Amino acid sequence: MVERVIKTGVGWRLGWNPEAEEFKGLVAGDGWAIELTEAELNDFCRLLGQLAGTMSQMASELMDEEKIAIEAESDLLWVQVEGYPEAYSVQLILNAGRRCEGFWPAAAAPGLVQAAKVLKVF
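Residues numbered from 1 in each chain as written. Predicted model: local features only at pLDDT ≥ 70, side-chain atom pairs only at ≥ 80, totals over all residues. Heavy atoms only, no water.

S.K.: Report on the overall build of the protein chain, specifying residues and quantitative values.
M.R.: Counting secondary structure elements, the protein chain contains two helices and eight strands. What you see in the protein chain, going N to C, is helices and strands ordered as β-β-β-β-α-β-β-β-β-α. Expected size for 122 residues packed as a compact globule is a radius of gyration near 14 Å; at 14 Å, the protein chain falls within 12% of this value. Dimensions of the protein chain, computed from C-alpha atoms along their principal axes, come out at roughly 50 × 25 × 25 Å. The 122 residues of the protein chain split such that 44% are buried. For the protein chain, restricting intrachain contacts to residue pairs at least 6 apart in sequence, the fraction spanning at least 24 positions comes to 38%. For the protein chain, the computed accessible surface area is about 6800 Å², with 50% contributed by carbon and sulfur atoms. (Helix = DSSP H or I, 4+ residues; strand = E, 2+ residues; numbered from the N terminus. Rg over C-alpha atoms; globule rule 2.2 N^0.38 Å. Buried < 20%, exposed > 50% of the residue type's maximum accessible area, 1.4 Å probe, protein only. Contact = heavy atoms within 4.5 Å. Areas by Shrake-Rupley, 256 points an atom, 1.4 Å probe, with all protein chains shown as cover.)

In C-alpha cells, the structure reads:
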C-alpha cells in the first residue's frame, strides 16, 4: 500500500494521496490550496520541471538585471515562471473543469521545484 505524501516548505505544500477517489494531488501556498486530479498533478510537476530547467539554461544568456517570463501549457493547466534565473515566482492556472489559480513567490519556488521532482518517486 502506498502512503500519502505531503511535502512542505516555506510558502508551499505539495501532496499526493493515491487512495483518494478523484483528487489525488494537492498544491498550496500561504493561505490557499487546490486539490488536483492525478493527471493535473503530473502535468504540473512535469511543466514546472521543464520551466525550471529552461530558467537555469537562460542564466548565461541574460544580463544581470534582466527579468524573463516563460510559460508552458497542457490541456489541463498553464504554468508560468517569472523573474530572474536564480529567483522567480511560479503561477498556476487550471484550464479544465473548475477554474483555479495559484501563485508562489520567488522565496517559495526553489523548494516547490525540488519537491515536484520527487513527489511521486517512491
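S.K.: Please set out the side chain of Lys24 residue by residue, giving values where relevant.
M.R.: For Lys24, the location among the structural elements is in the loop between β2 (12-16) and β3 (25-29). One buried charged side chain, Lys24, makes no salt bridge at all; its nearest oppositely charged neighbour is Glu38, positioned 4.8 Å away. A polar contact of 2.9 Å, which involves the side chain of Lys24, links it to the backbone oxygen of Pro18. Among the polar contacts made by the side chain of Lys24, one reaches the main-chain carbonyl oxygen of Ala20 at a distance of 3.3 Å. Not counting residues within four places of it along the chain, the set of residues in contact with Lys24 comprises Gly15, Trp16, Asn17, Pro18, Leu36, Thr37 and Glu38. (Lys, Arg positive; Asp, Glu negative; His and termini not counted. Salt bridge = Lys/Arg side-chain N within 4 Å of Asp/Glu carboxyl O. Polar contact = N/O pair within 3.5 Å; in protein donor to acceptor, adjacent residues only side chain to side chain.)

S.K.: Tell me about the sheet that holds strand β8 (residues 101-104), residues and numbers included.
M.R.: One open sheet holds the four strands; their spatial order is β5-β6-β7-β8, and the pairing between them is antiparallel. The open sheet terminates on both sides in strands that have one partner only, identified here as β5 (68-73) and β8. Each adjacent strand pair in this sheet contributes to an overall mean axis angle of 15°, direction not counted. Where strand β6 (residues 77-84) and strand β7 (residues 87-94) come together, eight bridges link them in antiparallel fashion. From the neighbouring strand, Trp78 faces β7, where its bridge partner is Ile93. (Pairing = 2+ DSSP bridges. Axes fitted to C-alpha atoms, helices over the stretch in contact; angles between N-to-C directions.)

S.K.: Describe in detail the packing of helix α1 (residues 38-58) against helix α2 (residues 109-118), supporting the description with residues and values.
M.R.: For the pair α1 and α2, interaxial distance at closest approach is 9 Å and the crossing angle is 125°. As far as their axial angle goes, α2 and α1 are oblique. For the element pair α1 and α2, the recorded crossing hand is left-handed. For the pair formed by α1 and α2, the contact residues are Phe44, Cys45, Leu48 and Ala52 on the first element and Leu112, Val113 and Ala116 on the second. The residue inventory of the contact of α1 with α2, partitioned by class, reads seven nonpolar, no polar and no charged. (Parallel < 35°, antiparallel > 145°, perpendicular 65-115°, else oblique. Left-handed = near helix turned anticlockwise from the far one by under 90°. Nonpolar A, V, L, I, M, F, W, Y, C, P; charged D, E, K, R; others polar.)

S.K.: Describe in detail the packing of aromatic side chains, supporting the description with residues and values.
M.R.: Per the stated rule, a full pass over the model turns up two aromatic pairs. Ring centres of Phe44 and Trp104 lie 5.5 Å apart, and the angle between their planes is 35°; on these two criteria the pair is classed as tilted. Highlighted residues: Phe44 in helix α1 and Trp104 in strand β8, separated in sequence by 60 residues. There is no split in this pair, since Phe44 and Trp104 are both buried. A network of ring pairs unites the aromatic residues Trp32, Phe44 and Trp104 as a single cluster. (Phe/Tyr/Trp six-rings, centres within 6.5 Å; stacked < 30°, edge-to-face > 60°.)

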